[in-house]
Amino acid sequence: MKAVLMAGGEGSRLRPMTLQRPKPLVPVCNRAMSEHIAARLKEHGFDDIFVTLYYMGDEIMSYFGDGAALGVNMTYSVEESPLGTAGAVKLLEPHLNETFLIISGDCLTDIDLTAAMAFHKKSGSMATIVLTRVATPLEYGVVIVDDQGRIKRFLEKPGWGEVFSDTVNTGIYIIEPQVLKLMEPGKKYDWSNDIFPRLLSEGKPIYGSVQPGYWCDIGNLKQYREAHEDFFDKKIKMNIPGRQIECGAWVGDKTEIDHDAKIHPKAIIGANCRIKSGAVINEYTVVGDNCIIDERASVTRSIIFNNTYVGKTARLVGAVVLRNNVINEGVRVQDGAIIGDSCIIGKDSRVRTQIKIWPEKNIPSGADVNMNVVYAQNWPTTLFSALGVRRVGNVEFTPEFGARLGSAYGAFLPQGSTVIVSRSPHKMSRVIKRSLVGGLMSMGVDVVDIRSAPLPIARHMVRTTGAAGGVHTRISPYMPEMLLSEFFDENGINIPTGKERKIEAIFTREDYRRTDMAEVGVLRYDGRFLDHYLDHFYSCVNADAIRERKYRIVVDYSHGSLSTMMPPVLSGLNIDAVSVNAYMDPSITPRASALDRGGLGELSKICRSLKADLGIMVDGEAEKISLIDKKGRVISGPRLLVLMLRLIACKETGPLIACQVNAPAVVRKIIQEIDGKVLLTQANSRSLMTKTHKTPDIAFAGDIKGGFIFPGHQPAFDAMMSIIKILEYKAVYDISITQLNDEIPAVHMHSETMPITWEGKGKLMRVLTDKYKNKELDLTDGVRMAVNKSAWVMIRPDPTEPLVHVIAEGRDTAEARRLVGQYKEIVAKVE
C-alpha cells in the first residue's frame, strides 16, 4: 500500500529545536518523530512511502535515504514554494493511482491504521479523516459525524464559543486518487480549508473514522515534553532502541554505567554513552547517543540529545538540551529551559526557568542566565586560562579544536619559525598534540617533536635551541577531565597575556594565513633532547659532593615521564634510589600535584621501612615536589618553601629572592636574617617565572606548592633540579633535613574559594581598598593586609574564573580558619 508522509513544516513553535533540523527529525525517545511514523506505516503494510519536503528537505533525504533501512521504499517530492497540505500531495499525482493514506511526519500515534483503511473501503468514501477525541480541541479541526460516520460539519481551530465537539482531525487522511483531480497543478490548496469543505458542499462521500489509540500533534515544547512522559507512562506503544535493564530503564549498545551510578526506571539512555561514578539518571529522562554524564551529575525529567557532555555535579531539572552541547561542572539548568545545539555552558553557571538559549552560544563560567539568549553575540569569554588553553578533553578540546588552535598559534608566528612540541604520557595528550602539529605546519611553521617529555625539559629545549616558542599538552592540574595546552615564548616561559589576546583574536576570526603547499612546515623528531638538557644540568650542580655521600632515597614519580629519565641520573650520582609509580601508562593520568595526602602517606611508610635518607614525591609534570624526612614526616607546601630558604641561607649572603605574594610571613624574616631582599610577584607561575627571567640578580625563587626555580639552570620550575640541589646542599653543608625540619617554625595557613560575578570583582577591590585605606596594603595581586603582628589576610580575584580566593595566615590553624571565614563574610556583603 501507498502512503504520503507530510514532512515540509518548519516547526517554528519548537524553536530553537528546529533551527538546525527539520521538525520531523526532532527526536522523541532517541528516534526521529518521522522515523516512528515510518515504522508504524511499515507495520500496517504501507511499503511505498512518498515524502513531501520543503524546509531543510536535504536533511530528511540524507537521514532516510531510499528507506531500505526501515524496509520500505521512499520517494521524495520537494516543493519549490509552499503549496499547502493538499497542493504538496498534488505533485505526487502520477504515483498515486490507488487508495493512499496521508499522515503528518511530526505527530506520534499508535492508532490502528489497518482498521482505518478497512472503514474507508467499507464506507465507500472518497476521503476519510481519522478522528480522535481530546480534552481541549482549540488547537485542532473539530468534526461532527452522523451514526454511519459521514461528516456533517467541521471547523478548523475554533474558539471556545465555536466548539461543538471534542472529536478532532488527526491529520491522518485516506484518499481516493480522483480527489486529486479537484486541484489545478501549481496552486496552493489545504485539505481542511479547501478540499474537504468542497467535498462536503458538493455532497461527495466524506467520512470520519473515530479510532481509539494514542495521538499527539507535537506543536510546541510543552507537548514535546508530554509526549515523552506519555511513553514512560505507557500511554503509547513505541519501539525504543536498546534493551531494558533490571531497573526497567532502556540502555543502548556499548553504553557503560559505573557500578555506583544510579539509574531510575522510566529512563532511556542511548548507545555509546558513559554514565560515571555517582551520577544519577532520574525518572522521565532521555539521554541521547554518545553522551557523557560525569561524576555526581544529576539529570531529572530532562531530554538530552546526542553528543552532549554533562560535567561533574551539574544538575538538570526539566530541561531540554540539544545536540553537541557542553554543560560544564557545577552548572544548574532549571525547569523548562532549553539549550540550543553546540553551546558551551561555563562552569557553575545557572540557566533559569523557561530560558531559551539559541545555538552556538558560549556562556561564561559563573553566569546567571535569566533572559533568553537569541540573536546576541556570544557572551565575553577568553580562550586562555591562567596556564594556557584548558577545555574538557575530547568534548571541548577535540582534534578539530586542536587543529584550529595550532593554526591560530602558527598564524601568530612568522612563517618559517620553529616550535617545540611535547606532551604528557596520557593517550589524549598524544591525540591533541598531533592535531596541534597539523595546524602549526599548515601555517608554514616547522615543528620539532620531542614526544613525551617532562615539562621543565620541554621549556629548556625551547630556550636553548633558538625556537620561536613551544607547546606542551597535558592533563590539567587538579581537574583530570580537562586537557591543557601551555604555550611558551622563546624563553620557555608561558606567553604573556598580550600575545594570548592576539592568538585568541586570530582563533576567533579564523584569520589564518594561506600557505603555499611548497611552504608548509617540516616535522622532525629530536631524540637527543635529554642529552642537551643534561649537559647544562650537570654544569649547575656539585656532582662530586653528592657522589661521596651515597644517599639512599625513595622517589615517587607519579606515573610521569620523569620516571624514564631521572633514574640514570641518580645512578650516575651514586644514589641508591627506590622508584615508586615509575612507569608510564597511556591510560593512567599522572598525579597532578605533589601535595597528594594519600600518596604522601604511603610514601612515608615506604621511607620509614627502608630507612631512607629522604623521600621525594614529584608531580606528574616534574615541576614540583614534596619531601619525607628520616622520621617519616611530610614536608610540603608553605613549610617546604621555608625549609628551602633555610638551605639557601647556608650558601647565600644578601641574596635577592623571588616569592609569590601569598608566601608565609616567616619567609621575609628568614631573608632579612641573611641581609637579603624579597621580590614579590603575583600568585601565579607565569608571574614568578617572568620576574625571575627579567631580573638577573635573583638567586632563588619559589612558590607555596613545591615549585622552585634555580635561575642558573633555567627560569622555570624543575623538580629534578630541586631534588639534586637539596642533596647538594645537604652534602656540601652537612645539613640534616630532619634536624632542619625540627628547627623551622610552624606555618599555619588556610584558604577557601567563593563565587563572585565577573562584574563584582572590580567593585570588590574598590570597596576593600577604600575600607582598609588606613592599613598597609599590598596590591601586588588582589589585596593583602596585616591583621596583627602574626596574622595576615589576602583577598584575590581569580584571573580567569568568576571566583575570589581568601587566604589567611595565623598563629595557629584555628585563627587562620577564623580569619578566612570572617573575610568571606565581608566579601559576600560587598557582592
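Residues numbered from 1 in each chain as written. Predicted model: local features only at pLDDT ≥ 70, side-chain atom pairs only at ≥ 80, totals over all residues. Heavy atoms only, no water.

**Quick look at helix α18 (residues 719-732)**
- Taking 1.5 Å of rise per residue, the 14 residues of α18 would be expected to cover 20 Å, and the 20 Å separating its terminal C-alpha atoms lies within 8% of that figure.
- Across the 14 residues that make up α18, a large majority, 13, are buried.
- For α18, the side-chain oxygen to backbone nitrogen distance between the N-cap and M720 is 3.1 Å, and the N-cap itself is D718. (Helix = DSSP H or I, 4+ residues; strand = E, 2+ residues; numbered from the N terminus. Expected span 1.5 Å × (residues − 1). Buried < 20%, exposed > 50% of the residue type's maximum accessible area, 1.4 Å probe, protein only. Polar contact = N/O pair within 3.5 Å; in protein donor to acceptor, adjacent residues only side chain to side chain.)

**Some points on the confidence of the model for the protein chain**
- In the predicted model, the protein chain carries a mean pLDDT of 90, and 97% of its residues have values of at least 70.
- Every residue in residues 158-164 is under pLDDT 50, and counting partners more than four places away or in other chains gives 19 contacts. (pLDDT = per-residue confidence, 0-100. Contact = heavy atoms within 4.5 Å.)

**A look at the pairing of strand β4 (residues 48-53)**
- Counting buried positions over the six residues of β4 gives five, a clear majority of the element.
- Here strand β1 (residues 2-7) pairs with β4 via six bridges, running parallel. Bridge pairing in β4 places V4 opposite F50.
- In terms of strand pairing, β4 meets strand β5 (residues 73-78) through six bridges, oriented parallel. (Pairing = 2+ DSSP bridges.)

**A few points about empty space enclosed by the protein**
- Enumeration over the complete set of coordinates arrives at four cavities of 30 Å³ or more.
- For the largest cavity, the calculated volume is near 90 Å³.
- Taken together, S424, R474, I475, S476, P477, P590, R591, A592, D619, G620 and E621 make up the full set of residues lining the largest cavity.
- Across the lining of the largest cavity, the residue classes break down as four nonpolar, three polar and four charged. (1 Å grid on protein atoms, 1.4 Å probe; cavity = no way out; pocket = protein on both sides within 12 Å on 5 of 7 lines; lining within 4 Å. Points joined across faces, edges and corners; volume = space filled by probe spheres on them. Nonpolar A, V, L, I, M, F, W, Y, C, P; charged D, E, K, R; others polar.)

**Focus on the environment of V130**
- Turning to its location among the elements, V130 is positioned in strand β8 (residues 127-133).
- Residue V130 is classed as buried on the basis of its relative accessible area, which comes to 0%.
- C-alpha of V130 to C-alpha of I506: the two residues are 376 residues apart in sequence and 58 Å apart in space.
- Those residues in contact with V130 that lie beyond four places of it in its chain are I111, A116, V168, N169, T170, I172, S209 and Q211.

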